[in-house]
Structure formats: structure tokens, C-alpha cells
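# Residue-level structural notes
The primary structure of each chain is shown beneath.
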Amino acid sequence: MNQKIKITTILLFSIWGSIIAQETWTLDECVSFALEHNLQLNDFEYTDQSNRETYRQSIRNLLPSVNANANYNISFGRAEDPNTGTFVNQDFYSNNYSLESSIDLFQGFQKINSIKASKFLYQATQEEVLQQKYLLAFRVMQAFYDIQFFKGLVEISNEQLNVSQSNYNLVGKQIELGLKAGADLYEAESLLLTDKLNVTQSKNQLAAAKLALIQEMNLENVSDILIQEDLAEITNDLGHEEIASDAIYSEAREFLPMIKAQELRAKAAKKQVAVSRGRLYPSLSLFAGIGTGYFETTRDTLGNTLPFREQFRDNTSQYVGINLNVPISNGWSARSRVKQSKIERLRAENNLKTQEQVLFQAIQQLVQDYNSLLVELVQSNQKMEAQNLAFTIAQKRYEKGMINALELFTAKNLFASAQNENLQVKLRSEINKSTLDFYRGLPVFNIGS
């Protein structure tokens, strides 16, 4: 007996421990976790790191280039003696060593413009990373509120199921007392089974919504998630604040990452045109170097090959020079690149205008929804109260035998539908409010740049 008590106690503590271990997630916690663990976001981070290195290298391209060279040559048969310039019939070997440096003095400002272009592209990818973070946060928010909606739907379905169960029990008692016929029990049972099915479907939808949030967060080894119960805190109205699309658009355009990124890409495209034009100008570079060598054919008066150290010192030479390159014709390729760069600049500017248009239209739609929800929320509350009253009356009339099961079922479904609509409007109101706040520049999500 004591062993059974111990086992039971251990099981109870295990169950209690698992309940305690279940974490309740707030919206901010869900967003923060998703930002840290989302794999697609990592890809944008890698692109940002790559563009940062490209920008840094464009600056390093201003530095002189330094190259060292060494070779070892073996000549067979009749070959030119590198020391005397005459041809000899023998095998010999030689070494050459050189160190050369060069620096571009002028290239049509190509390098300067390349630095500016790569800097703009690097800044653009930073903004795009931030934009992807905001998009992920909105997806998490949508999934978060979907869970709240389907959770509310499960509660509504359970309420309807409890009513049907009570009616089924009531009809059973009335049949026992001879107040109703046996066929009435089948009708009550049909309504009960329908509500059971609705509960099952609502639970399945809730499970699917939880899975969607888990996947957005990339939460591993988890099949269920508990979120904060703040559905009751959603306000019943949005207030009556007058808002204008133009004002919100002006605020959003100043900080929205996707607009800033496209502006930077347009600036980068403009600099790329300057880079292409720079190829049409002459280029001037300065170079200098030092070289030496060792040759097996270099001998003294006795015919002995001079030692390596002596040749390395005596054969040393230095040189310095300026190189001028004037592009005259390369199949018109340079001018073609200029034209292509201009087209890319026009495309980037058009993409900026497109993004601005998409943003303005999205804000217009949000404002339209805002104004609609002001009315819908009030009417939805009134409709739900009216349907609740109608169902309460219908329930009492059914209990007194004044209406049949079909009429009660209709009144119950209308009440459930009104509850469902009211829940949808509340959640749409919350999402609409959060989105408008975001475009106004208010801190909706705790996201660092």
C-alpha cells in the first residue's frame, strides 16, 4: 500500500511540475522569440553582412597594390642566356625575384563613386533587414490574435453545447413525465450532436492557429502553446479620433524601412551611372618596383658560377613609371554600360514610386477599415445583446412547450453567430489599431534597428 501511495505522489508531482513548466507567452515575448530564431531572417542578415564587407573593400581599393613574384626556370637545349642575351646549347637554370607596387592616380572618380554606391547598398540592406523584422512581427501578431479568436470560438461553442445538453436532459425528463413525445428526444439529440461537432471543429481550428504561431516563432519540440489571456482587455470601441490618410502617410514615409531602403537603392543606382561614365575617361596610374635574379650562366673568369648572394646583390634593379590608358574604342562597351546603368537608375526610381504608392494605398485601406469598424463595433454589440435577449426568451418558451426545437435551434444559432461576429470585429479593431499606430511611428513592437 505504501508503495502505491509513493507512486501516486510521484505522478501527482510530475503532473503538477509539467503544468508549472508550461510558459504563458505575451505578444511581445512571441515577437522577440521569433526575431531571434527565425531562419529566413538570418538569410537577410547574411546579405547585410556581405554588403558591409563589399562596402569596406571598396574603401580598401583606394590603397596601393603590392605584389611579390618569384620564379625558377630550367632551360633545355638551345636557349637564350638571360645574362648575355646570346643563344647557347646547354641546360641551365635561373631565378627571378621582384616586388612591385602601383596606385591609381585618376580613374574618372570610379573608386570614389563605387564607395558611395556600395555604402548606399549596405544601408539599404540594413533597412531591408529591419523591414523583414517588422513583417515577421506582424505575422506573429496575426497568428497570436487568431489563437485568441478561435479560443473565444471554442468558448462560444461550449456555451452552446451546454445549452443543448441541458435541453436534451430536459426533454428526457419531460418524456418520462409524459409531457413530450419520444420524437422530441431525437430532435434534441440532433441539436446536441451538432453542437458537439461545432466544439470539435473549433478546437481543431484553435490547434491549427497554435501550430501557425509555433511555426512563425520556430519553437522547437513543442506541440502546444499558451498565450496571455488579454482578450477581455480589447476595447469595445476605437474612439472617435479623426484621422487622415495623408497625415499618416507623411509620418510613415519618414521612417518606414522599405521606403528608406528603396530611396538608398535609387541613390546607389545614380552613383553606378557615375561609375560607368568614369570608364570613358583616361586613367593614370603610378608604379614602381625592384627586381633581381640568379643565373647559372653567370660565371667568373675561371668559369665558375657566381654565388647566389653575390648575384642577388649585383643584379638588383629598380624602376618607376607612370601608365596612361586612354579608352578609344572597345566595341562601344563603355557607353553601353552607361546606358544600362541609366536604365537601372530609372528602374530603381520607379520602384521607389511603386513602394510609395503601395504604402499610401495600404494606409488608405486601413483608414477606411478604421472608420467602418467604428460603426461595426457599436452595431455588433447591439446585435449580440438583442440576439442574447431573443435566445433567452426562446429558451424559456421552449421549456414551456410554446415553440419547437427548430425554432429554438434558429434562435441559438443567431445568438452564436452574433457572438462570433462581435469577436471578429473586436480582434479586427485591435489589429487595425496596432497597424495604424505602427504607421504613425508609435512603439507597437520592441524591435531594435
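See the structure above.
Residues numbered from 1 in each chain as written. Predicted model: local features only at pLDDT ≥ 70, side-chain atom pairs only at ≥ 80, totals over all residues. Heavy atoms only, no water.

### Let's talk about the overall build of the chain
Looking only at helices and strands, the chain features ten helices and eight strands. In the chain, which comprises 449 residues, the proportion classed as buried is 35%. (Helix = DSSP H or I, 4+ residues; strand = E, 2+ residues; numbered from the N terminus. Buried < 20%, exposed > 50% of the residue type's maximum accessible area, 1.4 Å probe, protein only.)

### Here's the deal with the packing of aromatic side chains
Using the criterion set out here, one finds 17 aromatic pairs in the structure. An angle of 85 degrees between the planes, with centres 5.4 Å apart, marks the rings of phenylalanine 106 and phenylalanine 109 as edge-to-face. Of the residues examined, phenylalanine 106 reaches a relative accessible area of 32% and is grouped as partly exposed. Take phenylalanine 109: its relative accessible area is 54%, and that puts it in the exposed class. A connected cluster of aromatic rings, assembled from ring pairs, spans Tyr134, Phe138, Phe255, Phe438, Tyr439 and Phe445. Here the basic side chain of arginine 335 rests over the ring of tryptophan 332, its NZ or CZ set 5.2 Å away from the ring centre. (Phe/Tyr/Trp six-rings, centres within 6.5 Å; stacked < 30°, edge-to-face > 60°. Lys NZ or Arg CZ within 6 Å of the ring centre and 35° of its normal.)

### Section: the pattern of salt bridges
Counted by the stated rule, this structure contains 17 salt bridges. The salt bridge involving lysine 210 is made with aspartate 224; its shortest N-O contact spans 3.0 Å. In this pair, lysine 210 sits in helix α5 (residues 182-217) while aspartate 224 sits in the loop between α5 and β6 (226-227), placing the two residues 14 residues apart along the sequence. Given the relative accessible area of 13%, lysine 210 is considered buried. Taken together, the shared-partner salt bridges connect Arg253, Glu263 and Glu356 into one network. (Salt bridge = Lys/Arg side-chain N within 4 Å of Asp/Glu carboxyl O.)

### Topic: the packing of helix α6 (residues 245-255) against helix α7 (residues 257-278)
For the pair α6 and α7, the least separation of the axes is 6 Å and the interaxial angle reads 60 degrees. For the element pair α6 / α7, the angle class is oblique. With respect to the hand of their crossing, α6 and α7 are arranged in right-handed fashion. When α6 is examined against α7, the residues Arg253, Glu254 and Phe255 are found in contact with a partner set consisting of Pro257, Ile259, Lys260 and Glu263. Taken together, the residues of the contact of α6 with α7 break down into three nonpolar, no polar and four charged. (Axes fitted to C-alpha atoms, helices over the stretch in contact; angles between N-to-C directions. Parallel < 35°, antiparallel > 145°, perpendicular 65-115°, else oblique. Left-handed = near helix turned anticlockwise from the far one by under 90°. Contact = heavy atoms within 4.5 Å. Nonpolar A, V, L, I, M, F, W, Y, C, P; charged D, E, K, R; others polar.)

### Examining the sheet that holds strand β2 (residues 65-75)
Taken in spatial order, the four strands of this open sheet run β2-β5-β7-β8, and their pairing is antiparallel. Two strands lie at the open edges of the sheet, namely β2 and β8 (317-325), each paired on one side alone. Averaged over neighbouring strand pairs, the angle between their axes works out to 20 degrees when direction is ignored. Here β2 runs beside strand β5 (residues 92-106); their pairing, made up of eleven bridges, is antiparallel. Its bridge partner lying in β5, asparagine 69 is registered against serine 98. (Pairing = 2+ DSSP bridges.)

### Concerning a positive patch on the surface
A cluster of basic residues, Arg277, Arg335, Lys339 and Lys342, forms a positive patch on the protein surface. Looking at which element gives the most residues to the positive patch, the answer is helix α9 (residues 333-399), with three residues. Along the chain, arginine 277 turns up in helix α7. Accessibility expressed as a relative area gives 40% for arginine 277, which makes it partly exposed. (Patch = residues over 30% accessible without salt bridge, like charges linked within 9 Å, V, L, I, M, F, W, Y side chains within 5 Å. Areas by Shrake-Rupley, 256 points an atom, 1.4 Å probe, with all protein chains shown as cover. Lys, Arg positive; Asp, Glu negative; His and termini not counted. Charge placed at Lys NZ, Arg CZ, Asp CG, Glu CD.)

### Some remarks on the packing of helix α4 (residues 110-176) against helix α10 (residues 405-439)
Look at α4 against α10: their axes get within 10 Å of each other, and the N-to-C directions meet at 165 degrees. Taken together, α4 and α10 sit at an angle that is classed as roughly antiparallel. The handedness of the crossing between α4 and α10 comes out as right-handed. Taken together, the residues of the contact of α4 with α10 break down into 15 nonpolar, eleven polar and three charged.

### Looking at unusual backbone geometry
Where the residue is not glycine, phi is negative for most of them; where a peptide bond is considered, it is trans in most cases. A positive phi angle, near 60 degrees, is found at phenylalanine 109, a position not held by glycine. In this structure, asparagine 221 is a non-glycine residue whose phi angle is positive, near 55 degrees. Tracing the chain through its elements places asparagine 221 in the loop between α5 and β6.

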